[in-house]
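# Survey of secondary and tertiary structure
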Amino acid sequence: MNPVGCHALVWAGGWSPDECRRAVFSTRDAGFDLIEIPLLDPRSVDVAMTSRALTDAGIGARCSLGLSAATDISSTDDAAVAAGEALLMDAVSATRDLGSPYLCGVLYSALGKYLEMPTERGRANVVAVLGRVARKAAQAGVSLGLEIVNRYETNVINTCEQALLLLDEIGEPNVRIHLDTYHMNIEERDFRTPVLLAGDRLGYVHIGESNRGYLGEGTVDFDTFFNALGEIGYAGTITFESFSSAVVAPELSRILGIWRNTWTDGADLAAKARAFIAAGMAAAGMGQA
Ligand code: MN
């Protein structure tokens, strides 16, 4: 049933062999089935070393990324669009080689605040590039999850309704919706409507609190969200995502605005998150892996 994962940033900001093994084994020890590995620079990830750690720990992986200004496929700069397509193709290969069936995140724009509306030409670039990336991903047995994020992190899709229109334009069955409760809390009218709207096109879920810290200590309505997942019979991955200045990834922490400690003890945070997710799923009548 639903595999439950933990984001690598709970443990480590980089991906040296030491950081990788610590993140992978800590994720397993906290009771998770898989670790989500950020692939912001897929060429820098040592796939063989990472695969060995995953095998040794006996857990799976999922991969995610956000593009940058230099690789923004929603741009009208042809060089950036081409660089973004090349990066996404490499990320699909790394995802496949890590044994992950999913590549998710902000695959459609730079991760960061835009100061203008998206353009028609930029959107056409997103549709064309993601169509080609999705067809390569399908051959690799990989699905793409388009993560819907808040207005301060993209100008392309901030709500599930907008994301479904983009999915229709791309028109590839392995391009799916990726919902994140942290972003839903900012942009959606509630925690049930978007889940029902996505229905069987929901492919991936991030569980994050409103301050990106301990689950249950913020304003996200998790009861309603888990009940909605149960209502549509969601059987996909559910990954806990949390950030604190206690663990710094040089690029990502800056872009996401992680300026303070919402926690210092990743092991305590993760163990409580695992129990919180299990309780939410059980209350909603969802099965577990
Ligand atoms: Mn997320």
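Before any of the text, the structure's been laid out above.
Residues numbered from 1 in each chain as written. Predicted model: local features only at pLDDT ≥ 70, side-chain atom pairs only at ≥ 80, totals over all residues. Heavy atoms only, no water.

Right, let's talk about the packing of aromatic side chains for a bit. The geometry of an aromatic ring pair is captured by two quantities: the separation of the ring centres and the angle between the planes. Counted by the stated rule, this structure contains four aromatic pairs. Residues Phe222 and Phe276 carry aromatic rings whose centres are separated by 5.2 Å and whose planes lie at 80° to one another, so their mutual orientation is edge-to-face. Here the residue Phe222 occupies a position in helix α8 (residues 222-231), and Phe276 occupies one in helix α10 (residues 266-283), the gap between them amounting to 54 residues. Aromatic side chains Phe225 and Phe226 sit 6.2 Å apart centroid to centroid with 65° between the ring planes, which places their arrangement in the edge-to-face category. Note on Phe225: relative accessible area 0%, which makes it buried. On the basis of relative accessible area, Phe226 is assigned to the buried category, the value being 1%. Members of the aromatic cluster, joined through ring pairs, are Phe222, Phe225, Phe226 and Phe276. Just above the ring of Tyr182 sits the side chain of Arg212; from NZ or CZ to the centre is 3.9 Å. When the ring centre of Phe32 is taken as reference, the NZ or CZ atom of Arg274 above it lies at 5.8 Å. (Phe/Tyr/Trp six-rings, centres within 6.5 Å; stacked < 30°, edge-to-face > 60°. Helix = DSSP H or I, 4+ residues; strand = E, 2+ residues; numbered from the N terminus. Buried < 20%, exposed > 50% of the residue type's maximum accessible area, 1.4 Å probe, protein only. Lys NZ or Arg CZ within 6 Å of the ring centre and 35° of its normal.)

Attention shifts here to unusual backbone geometry. Of note in the backbone geometry, Arg212 takes a positive phi value of approximately 65° without being a glycine. By the secondary structure assignment, Arg212 is in the loop between β7 (202-207) and α8.

This brings us to helix α1 (residues 17-29). Compared with the 18 Å implied by 1.5 Å per residue over 13 residues, the 18 Å span of α1 between its first and last C-alpha is a close match. For α1, the full list of buried residues reads Cys20, Ala23, Val24, Ser26 and Thr27. Viewed along the axis of α1, the buried residues span an arc of 170°, placing them on a single side of the element. In α1, the exposed positions angled more than 90 degrees off the buried face are occupied by Asp18 and Asp29. Residues of α1 that are buried sit in contact with β1 (4-7), β2 (34-38) and α2 (47-57). Once α1 finishes, Gly31 follows within two positions and takes phi at roughly 95°, a positive value. (Expected span 1.5 Å × (residues − 1). Arc of directions from axis to C-beta. Contact = heavy atoms within 4.5 Å.)

The coordination sphere of the manganese ion contains the protein donors Glu147 (OE), Asp180 (OD), His206 (ND1) and Glu241 (OE), at a distance range of 2.0 to 2.2 Å. Along the chain, the residues donating to the manganese ion fall in the pattern E-x32-D-x25-H-x34-E. Note that His206 is positioned in strand β7 and Glu241 in the loop between β8 (237-240) and α9 (252-256), a separation of 35 residues in sequence. (Donors = N, O, S within 2.8 Å, 3.2 Å for Na, K, Ca; no water.)

The full count for this structure, using the stated rule, is 16 salt bridges. Measuring nitrogen to oxygen at the nearest pair gives 4.0 Å for the salt bridge that ties Glu153 to Arg212. Taken together, the residues span a long stretch of sequence, with Glu153 in the loop between β5 (143-147) and α5 (160-170) and Arg212 in the loop between β7 and α8 at a distance of 59 residues. Residue Arg212 is classed as buried on the basis of its relative accessible area, which comes to 6%. Of the charged contacts in the structure, one is a salt bridge between Asp268 and Lys272, with a shortest N-O distance of 3.2 Å. Of this pair, Asp268 and Lys272 both sit in helix α10, four residues apart, which is roughly one turn of that helix. When its relative accessible area of 47% is taken as the criterion, Lys272 is described as partly exposed. Taken together, the shared-partner salt bridges in this structure form one network comprising Glu153, Asp180, Arg212 and Glu241. (Salt bridge = Lys/Arg side-chain N within 4 Å of Asp/Glu carboxyl O.)

Covered by surrounding structure in β8 are Thr237 and Thr239 together with Ile238 and Phe240, the residues of both alternating faces. In this structure, β1 lies alongside β8, joined through three bridges in parallel fashion. Each residue of the ladder has a partner; that of Gly5, found in β8, is Thr239. For the crossover from β7 across α8 to β8, the handedness is right-handed. (Pairing = 2+ DSSP bridges. Right-handed = clockwise from strand over helix to strand, strands pointing away.)

Positionally, Glu209 belongs in the loop between β7 and α8. An unpaired buried charge is present at Glu209: no salt bridge exists, and Arg212, the closest side chain of opposite charge, is 10 Å distant. There is a polar contact of 3.4 Å between the side chain of Glu209 and the side chain of Ser210. Leave out the neighbours within four places in its chain, and Glu209 touches Tyr182, Tyr214, Leu215, Gly216, Glu217, Gly218, Thr219, Val220 and Phe222. (Lys, Arg positive; Asp, Glu negative; His and termini not counted. Polar contact = N/O pair within 3.5 Å; in protein donor to acceptor, adjacent residues only side chain to side chain.)

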